[in-house]
Every structure is written in C-alpha cells, then in structure tokens.
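Listed below, chain by chain, are the residues.
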Amino acid sequence: MNTWFALKNPLSTSIYPEKIQLLPANTTPSCCKMIMGNTGVDIEMELIGDDERTVWKSVVSKDEYSKDSHPTPLTLSGIPAEEFLKKHRAELIQGVKNPKPIADVLRSKYMIGEEEYSRITAETTEQERMRELLNAVLPKGPEVMGACLKALSEHERHLVKYLSESRCIIGPSS
C-alpha cells in the first residue's frame with residue numbers, strides 16, 4: 001500500500017497510467033488500461049514496485065478470452081480495411097470533412113491513446129488531422145483499421161461509398 005507500481009507486458013502497445021498506487025479494498029479500485037496490438041496471444045502481466053521487484057505476475061491464456069469478443073476485420077466491397085485505407089489515403093486526407101469524431105470513436109475504444117489523440121486534434125487543418133489519424137491507425141493492425149473504417153463509414157458515409165464504388169486506377173495516363 002501507498003507505494004507506486006508499474007504494470008508491464010512485453011507485447012502491449014500502451015499502458016496507462018505508467019504507474020499506479022494500490023489502494024485499500026474499500027476505496028475506488030486501482031486500475032490500468034493496457035492496449036494490445038495482437039490479441040491472438042497469451043497476455044503476460046507483471047506488477048513491478050519502485051524497487052524493481054516483481055510483486056505479482058499472471059498470464060491470461062488466449063484460450064481464456066473468447067474469440068467472439070474480437071470482431072473480424074472489416075472489409076468494404078471485398079477489400080480489407082488496411083487495403084482500403086492505404087489505397088484511398090490521399091482521397092481520405094483531402095475528402096474527410098471532420099476527422100475529430102472518428103478520432104473520438106477510436107479513443108473511446110482505447111484504440112488510440114491520449115497522446116495520439118492530442119496530436120490529431122492539435123493540427124490546424126482537417127487534412128493535417130486526417131493525415132495524423134491515418135498515421136496513428138495504419139501501424140496498429142486489422143482490428144484498429146477496421147474500427148477506423150467503420151467510424152469513417154458512419155461519419156463520412158458519402159465519401160466512403162464513393163470511394164468503395166470507384167475503380168480509380170492511379171498511375172501514368174496512356
């Protein structure tokens with residue numbers, strides 16, 4: 001009690017806050033948020049004190065959490081979210097009118113962190129915000145990219161519909 005601890009996981013993409021203080025059971029619980037890039041693995045957790053000693057260690061087997069709780073990657077017109085976002089990156093940067101609601105959705109699902117969200121919202125133009133949002137989302141894997149595409153489909157329905165129906169070929173004209 002009254003000592004600071006850090007939760008460690010070798011495969012996590014972020015853990016917030018970096019340190020917590022354990023509190024008595026009759027008070028508000030101490031908790032951390034841990035974001036994992038790959039959910040198809042055992043989740044190893046370790047609580048380390050200020051003195052660098054491990055005070056608690058546990059593993060949640062991948063078999064213990066349901067695959068049903070992890071949505072299948074979203075596709076649009078048969079194109080996986082990653083391919084859609086990469087293929088239409090330039091059009092999305094130029095065409096999305098307001099990236100903030102999309103960033104809000106991703107932040108509320110803990111798919112982007114506070115720092116990434118702050119970078120997105122700090123930008124001065126919608127194009128810069130969308131560029132920063134895509135830079136945050138694309139390295140995070142199919143689940144996050146699928147959630148991004150779903151949010152785009154809800155908030156920028158007409159643009160996403162247009163892009164999914166277009167058969168644009170970018171390259172030199174003949």
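Before reading further, recall that the structure is shown in the block above.
One structure accompanies this document, and this report is about it. Bear in mind that the values here come from a model prediction, so they are computed numbers and not experimental data.

Basis of the calculations
Counting starts from 1 at the beginning of each chain's written sequence and moves along it residue by residue. Since the coordinates come from a predicted model, pLDDT governs what is reported: local features require at least 70, and pairs of side-chain atoms require 80 or more to be given and counted, while whole-chain, interface and lining totals use all residues. For side-chain calculations, the full set of non-hydrogen atoms in the structure is used, while hydrogens and water are omitted. Under the scheme used here, helices are H or I runs from DSSP no shorter than 4 residues and strands are E runs no shorter than 2 residues, and both carry numbers assigned from the N terminus. Each helix should span, by expectation, one fewer than its residue count multiplied by 1.5 Å. Whether two residues touch is decided by their heavy atoms; if any such pair falls within 4.5 Å, the residues are in contact. By convention in these notes, a salt bridge is any Lys or Arg side-chain nitrogen within 4 Å of a carboxyl oxygen on Asp or Glu. Type-normalised accessible area, obtained with a 1.4 Å probe on protein chains alone, sets the label of each residue: buried when under 20%, exposed when over 50%, and partly exposed for intermediate values. Only centres within 6.5 Å qualify two rings of Phe, Tyr or Trp (six-membered ring in Trp) as a pair; their planes then separate them into stacked at under 30 degrees, edge-to-face at over 60, and tilted for everything else. The criterion is that NZ of a Lys, or CZ of an Arg, lies within 6 Å of the ring centre and within 35 degrees of the ring normal, and then a charge sits over that ring. Angles shown run from 0 to 180 degrees and are taken between the N-to-C directions of axes, each axis being a line fitted to C-alpha atoms and, for helices, limited to the stretch in contact. Should an angle fall under 35 degrees it is called roughly parallel, over 145 degrees roughly antiparallel, and 65 to 115 degrees roughly perpendicular, with every other angle called oblique. Handedness of a crossing is defined here by the sense of rotation of the near helix relative to the far one, left-handed for an anticlockwise turn of less than a right angle and right-handed for a clockwise turn. All amino acids are sorted into three groups, where Ala, Val, Leu, Ile, Met, Phe, Trp, Tyr, Cys and Pro are nonpolar, Asp, Glu, Lys and Arg are charged, and the leftover types, Gly among them, are polar.

**Describing helix α5 (residues 126-137)**
Here comes step 1: Counted at 1.5 Å a residue, the expected span for α5 with its 12 residues is 16 Å, and the 16 Å between its end C-alpha atoms agrees.
Here comes step 2: In this structure, the buried side of α5 is in contact with α1 (81-87), α2 (89-95), α3 (100-108), α4 (114-122) and α6 (142-155).

**Section: the pattern of salt bridges**
Here comes step 1: If you walk through the whole model with that rule in mind, you get 10 salt bridges.
Here comes step 2: Between arginine 119 and glutamate 115 there is a salt bridge, with the nearest N and O atoms lying 3.1 Å from each other. One end of the pair is arginine 119 and the other is glutamate 115, both in helix α4 and four residues apart, which spans about a single turn.
Here comes step 3: Accessibility expressed as a relative area gives 61% for glutamate 115, which makes it exposed.
Here comes step 4: The salt bridge partner of glutamate 165 is lysine 161, with a shortest N-O separation of 3.0 Å. Here glutamate 165 pairs with lysine 161, and both are found in helix α7 (residues 157-165), just four residues apart, close to one helical turn.
Here comes step 5: Given a relative accessible area of 51%, glutamate 165 falls into the exposed group.
Here comes step 6: One salt-bridge network, held together by shared partners, links Glu115, Arg119 and Glu132.

**Some points on the packing of aromatic side chains**
Here comes step 1: Under the definition given, this model contains zero aromatic pairs.
Here comes step 2: Geometry around tyrosine 117 places arginine 107 over its ring, the cationic atom sitting 3.8 Å from the centre.

**A closer look at the packing of α3 against α6**
Here comes step 1: For the pair α3 and α6, the least separation of the axes is 9 Å and the interaxial angle reads 140 degrees. It follows that α3 is oblique to α6 by the angle criterion. In this structure, α3 crosses over α6, and the sense of that crossing is right-handed. In contact with Pro101, Ile102, Val105 and Leu106 of α3, α6 contributes Val144, Ala147, Cys148, Ala151, Leu152 and His155.
Here comes step 2: Of the residues that constitute the contact of α3 with α6, the class distribution is nine nonpolar, one polar and no charged.

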